[in-house]
Amino acid sequence: MPTPRKTTAARAIAELDDLNLKLARGQRMLQRVKDENVQIATADKEVVFREDRTTLYRYKPTAKRTIGVPVLVAYGQVGRYTMTDLQEDRSMLRNLLALGVDVYAVDWGSPGRGDRWLMFEDYVDVYLADCVEHICREHRIAAINLLGICEGGVFALCYAALCPERVKNLILTITPVDFHQDQAEGRPNHGFINLWTRSLGDEDIERLIEANGNLPGELMSHLFSQMTPGATMSKYNVGLLDTFDDEKKLLNFLRMEKWLADRPHHPGEAAKQLLINLYKNNELFRGEFRLAGRTVDLGAITMPVLNIYAKDDHIIPPQTTRALKDVVGSGDYTELGLDGGHVGVFVSGKSQGVLGKGIVDWLRRRDRP
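Residues numbered from 1 in each chain as written. Predicted model: local features only at pLDDT ≥ 70, side-chain atom pairs only at ≥ 80, totals over all residues. Heavy atoms only, no water.

A.B. asks: Outline the packing of aromatic side chains, listing residues and values.
C.D. replies: Per the counting criterion, the structure on display carries 8 aromatic pairs. Between Trp108 and Tyr123, the ring centres sit 5.3 Å apart and the planes meet at 85 degrees, which makes this aromatic pair edge-to-face. In this pair, Trp108 sits in the loop between β6 (103-107) and α3 (120-139) while Tyr123 sits in helix α3, placing the two residues 15 residues apart along the sequence. Under the relative-accessibility criterion, Trp108 is labelled buried at 4%. Pairwise contacts between aromatic rings join Trp108, Phe120, Tyr123, Tyr127, Phe155 and Phe289 into one cluster. Lying across the ring of Tyr57, Lys45 places its NZ or CZ 5.2 Å from the centre. (Phe/Tyr/Trp six-rings, centres within 6.5 Å; stacked < 30°, edge-to-face > 60°. Helix = DSSP H or I, 4+ residues; strand = E, 2+ residues; numbered from the N terminus. Buried < 20%, exposed > 50% of the residue type's maximum accessible area, 1.4 Å probe, protein only. Lys NZ or Arg CZ within 6 Å of the ring centre and 35° of its normal.)

Given below as structure tokens:
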């Protein structure tokens, strides 16, 4: 009968052999993978409008149209809209298309130093407004369905408040409204950007933008990585190792990394408005945020509103989003809370049958001429 010490040693040797085989298999898989194998945002689409760096895409239909009014998707400046179509089986945009929605998406492009002076006014009153006008003109309609995500949701809120006649239904996902509600649920690991921004003086933010021209995408990537330091430190060893048994899992991992690495710079003046006026001073929720001399009054938003939040969102904590119900003017306000985190509600396997269907079911009940 083998002694416990020999059994333990034999098991350790076997586990080490398995690990070495797994590492060798993973190395071979990584050597075979090329950039063209790790494509994101591949849903079929065409460019229908361009203005400066902004591009408006219209997606090719994949099912019979069931929603009469098109949906325009607006992401923020801190990341790329490509997250909404990360891969074929994890794509909010493909899910909407499959359910009969006519989908448009706006891509703000890659701002450079020459875009330093662009402000929220430019994105709301010019680029977003011109995309809406293009869609209305092409479809001969007076208003569209507007879907804003994260900072793009703030753009959508501002546009809907200032031009309510152009928005038939407003859909918001993981959108901050009350920027001072980050600790409402007593979770200290939630709302790190809110805490970091409030720790800075206005002059600190001014110097940051002055030194760089824009808010560097690399800085925001670092801040996001510091929100989950354990996961950040382990993903390239434990996390990557877990994918070496399945090439599909490896490609999924690499697609997410490709999206995370492609973080654009945020135009300087607009970044100052985001960090000082919104994060620090909470002007949107307080009804004091002004664009081109006009106050953004969320009470002027009277169209139907669907407000979607992630229950475990550590970047935009749920209560910062749900605060909208206290200030919006709509008598038709609906909340939809989804399991998962900030990005997970769009890319997790669990959310794929919930997010798109929840949006379309809500729209169908309001899809009247």
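A.B. asks: Can you explain the pattern of salt bridges? Please cite residues and give values.
C.D. replies: According to the stated counting rule, one finds 24 salt bridges in the structure shown. Taking the shortest distance from any N to any O, the salt bridge between Arg116 and Glu210 comes out at 3.2 Å. One end of the pair, Arg116, is in the loop between β6 and α3; the other, Glu210, is in helix α6 (residues 202-212), with 94 residues separating them in the sequence. Glu210 gets classed as exposed once you look at its relative accessible area, which sits at 52%. With its nearest N and O atoms 2.9 Å apart, the salt bridge here joins Glu335 to Arg322. Pair noted here: Glu335 is in strand β14 (residues 333-338) and Arg322 is in helix α12 (residues 318-322), with a separation of 13 residues, a long-range link. (Salt bridge = Lys/Arg side-chain N within 4 Å of Asp/Glu carboxyl O.)

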